[in-house]
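Listed below are the residues making up each chain.
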Amino acid sequence: MLVAVSPFAALRDSVVLLNVTALHIPDGFLNLPISILTWLATAALLAVAIRRTRGELGERQVPLMGVMAAFIFAAQMINFPVAGGTSGHLLGGALAAITLGPWPAMLVMASVVGVQALLFQDGGLVVMGANILNMGFLTALIGYGLYRATAGGPRRLRLAVAGIAAWLSVMAGALATSLQLWLSGTSSLGVVVPAMLGVHALIGVGEALITVAALAFILRTRPDLVEAGRARGGRGWVAAGLAVALAVVLLAPLASADPDGLERVASNLGFLDQGEGAVYTIFPDYIVPFLGETPLSTIVAGVLGALLVAALTVGSASLVRRAGRSEPEPERPVP
Amino acid sequence: MRALQLERYVAGDSRVHSLDPRVKVVITVLFIVSNVLLPDGAWLAFLLGWALVLLSSALTGLGPGYATRRSFVALPFALAAVSAIFALPGRPLFAWTLGPWHLVATDAGMIRFASIVVRSWLSVQMAILLTATTSFPDLMHALRHLRIPRLLVQITALMYRYLFVLTEEASRLLRARAARSARPVSGEGGGSLAWRARVAGNMAGNLFLRSYERSDRVHHAMLARGYRGEFRTLNPHLMRREDWTVGMLAMLFLLLLQVISRTGSL
């Protein structure tokens, strides 16, 4: 049977497929506090990422990041048949982080998510911060952190760890998406976490297989590209990546098996009040006193919380940077 | 896929097309924020929001139903919100037992679910109109004016430029694979799962190297043409009185929606 592959049809199919399976949250599914919170965290991270890559790549960063973002988008079209009409395909966050380094990967994934939202309505605009966080930052953190931990190890070990990192990065994105949906009052925890993690455990296998094969190909052909990535992030990434991976591994079964427990913890922290009237009053304990119980107060509370998160993020980022600097930087090969 | 296919309607000359892209971006984002802020079950406000979409769509010259017809892309995600039907306390509507779960659908849950889907559906429509009436370079320039970091905008603009080049390269790879792996009309493709995954991975790795090397050539080409760290445009992007008026009217309308949803009986 002759299969005509029209580029447009293939692209459209890949977008539709992503929409069903992947983690692109559309507008309207997250409430405003969560949207603002995730946007602020994303903005802080992107600011650091821009500064870091500028120092490293200089003027070259615009063409390199731009073309590699287009690459991730195009690579998401590449699929392989699994069974029963389903196919595995690449999301690319972990591969980008391993090959380009964590900060460039964040910028690349942010552009990918942005174009998918602006051009294809795949993922929302106001919730884009959450989408970038789930698909760009978490994947970069886990993908790079775990892979970096095996630097200098034998090739087979590195590839195996890259596969695990790719799988975990998809799971982390799915878990974060579920938690954001739950905190927004859109989904109930006991349903959304097992469902999302179940689906993405399979998607993650496809992601892991392609990532490992692609990385093996690149290591065979241009090992210098991936080795150069060693200078791009220090031990801070390893620690952070391991910590987040561990959190996913521990939190996922807990959330699936005992959602009530997690909800109890959340309400003990004053984080959640299930059964509230409107979606936007989800942080009842986060009411700013002089504003009273209004949506505005909630927004202000959200912003204050987000600033805290942003400060923590920037602080830890500078720690990461210092950790990175303490290492002797190997000579970068001229590309 | 070519840019022409994607931007089929961008070349229109309606009043919406000629509106300053900044105004369109701000209105779209505020419209989405407004949708998110509307309480559950604010049906009148939702309906008025849809009226705004239909009106804007009619003004673009693409027909009032243009945005609505294309707005069903995000609906599969509604699955994620289904559980809200059973999660909220309220008057029980119906119940059934599904394996280990006993599910009770409540009226509050149904209203929450419907509201989430409607919010998302309205938001997507406005985003579709923005994309349909604004060329991507204009959109990027608007984001630049709206103080989105220069680097992020430039990377995204350059990504858009090479999107079509690289997706065509990817589809050539896919076509080559299809041509070399004949398979029976019914039945599975050949090879084990791991083998198929490795082929796909090699294609991705191949595309990676081609893209990486291309980015080098692009960089040299940019330097040769005098790139100084800023993309230039001939479009002046001046806010005219009309732009201000439309922006203000839209904001007033959105404010009205919020007031209606909170004071009216609906």
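Cut-offs applied
Residues numbered from 1 in each chain as written. Chains lettered and ligands numbered in written order. Predicted model: local features only at pLDDT ≥ 70, side-chain atom pairs only at ≥ 80, totals over all residues. Helix = DSSP H or I, 4+ residues; strand = E, 2+ residues; numbered from the N terminus. Rg over C-alpha atoms; globule rule 2.2 N^0.38 Å. Buried ≥ 20, exposed ≤ 12 C-beta atoms within 10 Å, placed from the backbone. Contact = placed C-beta atoms within 7 Å. Domains from an automatic or database assignment. Core = buried A, V, L, I, M, F, W, Y, C linked by C-beta atoms within 7 Å. Expected span 1.5 Å × (residues − 1). Nonpolar A, V, L, I, M, F, W, Y, C, P; charged D, E, K, R; others polar. Axes fitted to C-alpha atoms, helices over the stretch in contact; angles between N-to-C directions. Parallel < 35°, antiparallel > 145°, perpendicular 65-115°, else oblique. pLDDT = per-residue confidence, 0-100. Left-handed = near helix turned anticlockwise from the far one by under 90°.

Engineer: Can you break down the overall build of chain B residue by residue, with the values?
Structural biologist: Scanning chain B from N- to C-terminus turns up 11 helices and two strands. Written out in order from the N terminus, the α and β elements of chain B read α-α-α-α-α-α-β-β-α-α-α-α-α. Over its C-alpha atoms chain B spans a radius of gyration of 24 Å, topping by over 25% the 18 Å that the globule rule assigns to 266 residues. When its C-alpha atoms are laid out on the principal axes, chain B stretches across 65 × 60 × 30 Å. Buried residues in chain B amount to 41% of all 266 residues. Sequence separation of at least 24 residues holds for 73% of the intrachain contacts in chain B that already meet a minimum separation of 6.

Engineer: Describe in detail the overall build of chain A, supporting the description with residues and values.
Structural biologist: A tally of helices and strands in chain A yields 12 helices and two strands. Along chain A, helices (α) and strands (β) appear in the sequence α-α-α-β-β-α-α-α-α-α-α-α-α-α when read from the amino end. The buried share of chain A, reckoned over its 335 residues, is 55%.

Engineer: Got a sec to walk through the domain arrangement of chain B? Specific residues and values, please.
Structural biologist: Under the domain assignment, chain B is made up of domain 1 (12–134 + 238–263) and domain 2 (149–179 + 196–235). Computed over C-alpha atoms only, the centres of domain 1 of chain B and domain 2 of chain B are separated by 34 Å.

Engineer: Any details on the nonpolar core? Residues and values, ideally.
Structural biologist: Ranked by size, the top nonpolar core spans 167 residues in total, and within it Met106(A), Val108(A) and Met109(A) carry the most contacts. Residue contributions to this core peak at 16 residues, all from helix α8 (residues 189–221) of chain A. Domain assignment of the residues forming this core places at least three in each of domain 1 (12–134 + 238–263) and domain 2 (149–179 + 196–235) of chain B. Each residue touching Val108(A), except ones within four places of it in the same chain, is listed here: Met65(A), Met68(A), Ala69(A), Ile72(A), Ala96(A) and Leu100(A).

Engineer: A description of helix α7 (residues 155–183) of chain A should follow, citing residues and the corresponding values.
Structural biologist: All names here are of chain A. For α7, which comprises 29 residues, the first-to-last C-alpha distance of 41 Å matches the rise-based estimate of 42 Å (1.5 Å per residue) to within 8%. Of all 29 residues in α7, 22 are buried, a share of seventy percent or more. Phi for Gly-185, located one or two positions after α7, is positive at around 75°.

Engineer: Describe the interface of chain A and chain B, with residues and values.
Structural biologist: Contacts between the two partners involve 75 residues from chain A, matched on the other side by 81 residues from chain B. When residues of the side of chain A that touches chain B are traced back to their parent elements, those giving at least two are α1 (7–21), α2 (32–57), α3 (61–75), β1 (79–83), α5 (102–120) and α8 of chain A. In terms of residue count, α3(A) provides more of the side of chain A that touches chain B than any other element does, 13 residues in total. For the side of chain A that touches chain B, a count of residues per class yields 54 nonpolar, 17 polar and four charged.

Engineer: Account for helix α11 (residues 241–263) of chain B, naming residues and giving values.
Structural biologist: End to end, α11(B) covers 33 Å across 23 residues, agreeing with the expected 33 Å (1.5 Å per residue, within 8%). Looking at the buried positions of α11(B), the neighbouring elements they touch are α3 (21–37) and α4 (43–59) of chain B.

Engineer: Can you tell me about the packing of α3(B) against helix α7 (residues 107–133) of chain B, naming the residues and giving the values?
Structural biologist: Residue and element names in this part refer to chain B. At a minimum axis distance of 9 Å, the contact between α3 and α7 shows a crossing angle of 175°. With respect to α7, the element α3 is oriented roughly antiparallel. Here Lys-24, Val-25, Thr-28, Phe-31, Ile-32, Asn-35 and Val-36 of α3 lie close against α7, whose contacting residues are Arg-119, Leu-122, Ser-123, Met-126, Ala-127, Leu-130 and Thr-133. The class makeup of the residues in the contact of α3 with α7 is eight nonpolar, four polar and two charged.

Engineer: Hey, could you go over the confidence of the model for chain B for me, with residue numbers and the actual values?
Structural biologist: Of the residues in chain B, 90% reach a pLDDT of 70 or more, and the chain-wide mean stands at 85. Reported confidences for the modelled complex are a pTM of 0.80 and an ipTM of 0.87.

Engineer: Describe the packing of α5(A) against helix α6 (residues 128–149) of chain A, with residues and values.
Structural biologist: Residues and elements named next belong to chain A. Following both chains from N to C, one finds α5 and α6 inclined at 150°, their axes separated by 9 Å at the closest point. By the angle class used here, α5 and α6 are roughly antiparallel. Seen along the crossing, α5 lies across α6 with a hand that is right-handed. Residues Pro-102, Ala-105, Met-106, Met-109, Ala-110, Val-113, Gly-114 and Ala-117 of α5 form the contact with α6, whose participating residues are Met-128, Asn-131, Ile-132, Met-135, Gly-136, Phe-137, Thr-139, Ala-140, Leu-141 and Tyr-144. Taken together, the residues of the contact of α5 with α6 break down into 14 nonpolar, four polar and no charged.

Engineer: So, unusual backbone geometry: which residues are in play, and what are the values?
Structural biologist: Look at Gln121(A): it is not a glycine, yet its phi comes out positive at around 55°. Gln121(A) sits in the buried class, given 26 other C-beta atoms within 10 Å.

Engineer: Go over the confidence of the model for chain A, please, and point to the residues and values.
Structural biologist: Scored by pLDDT, chain A has a mean of 74; 66% of the residues are at 70 or more. Throughout residues 1–21 of chain A the model reports pLDDT below 50, and contacts reaching past four residues in sequence, or to other chains, amount to 34 contacts.

Engineer: Could you give an account of the environment of His145(B), with specific residues and numbers?
Structural biologist: Residue and element names in this part refer to chain B. The topology assignment puts His-145 in helix α8 (residues 136–145). Taking the C-alpha atoms as reference points, His-145 and His-237, 92 residues apart in sequence, are found 9.2 Å from one another. Every residue in contact with His-145, bar those within four places of it in the chain, is listed here: Arg-22 and His-237.

Engineer: Describe the environment of Arg51(A), and please don't skip the residues or the numbers.
Structural biologist: Tracing the sequence through the fold places Arg51(A) in helix α2. A C-alpha to C-alpha distance of 21 Å links Arg51(A) and Leu225(A), two positions 174 residues apart in sequence.

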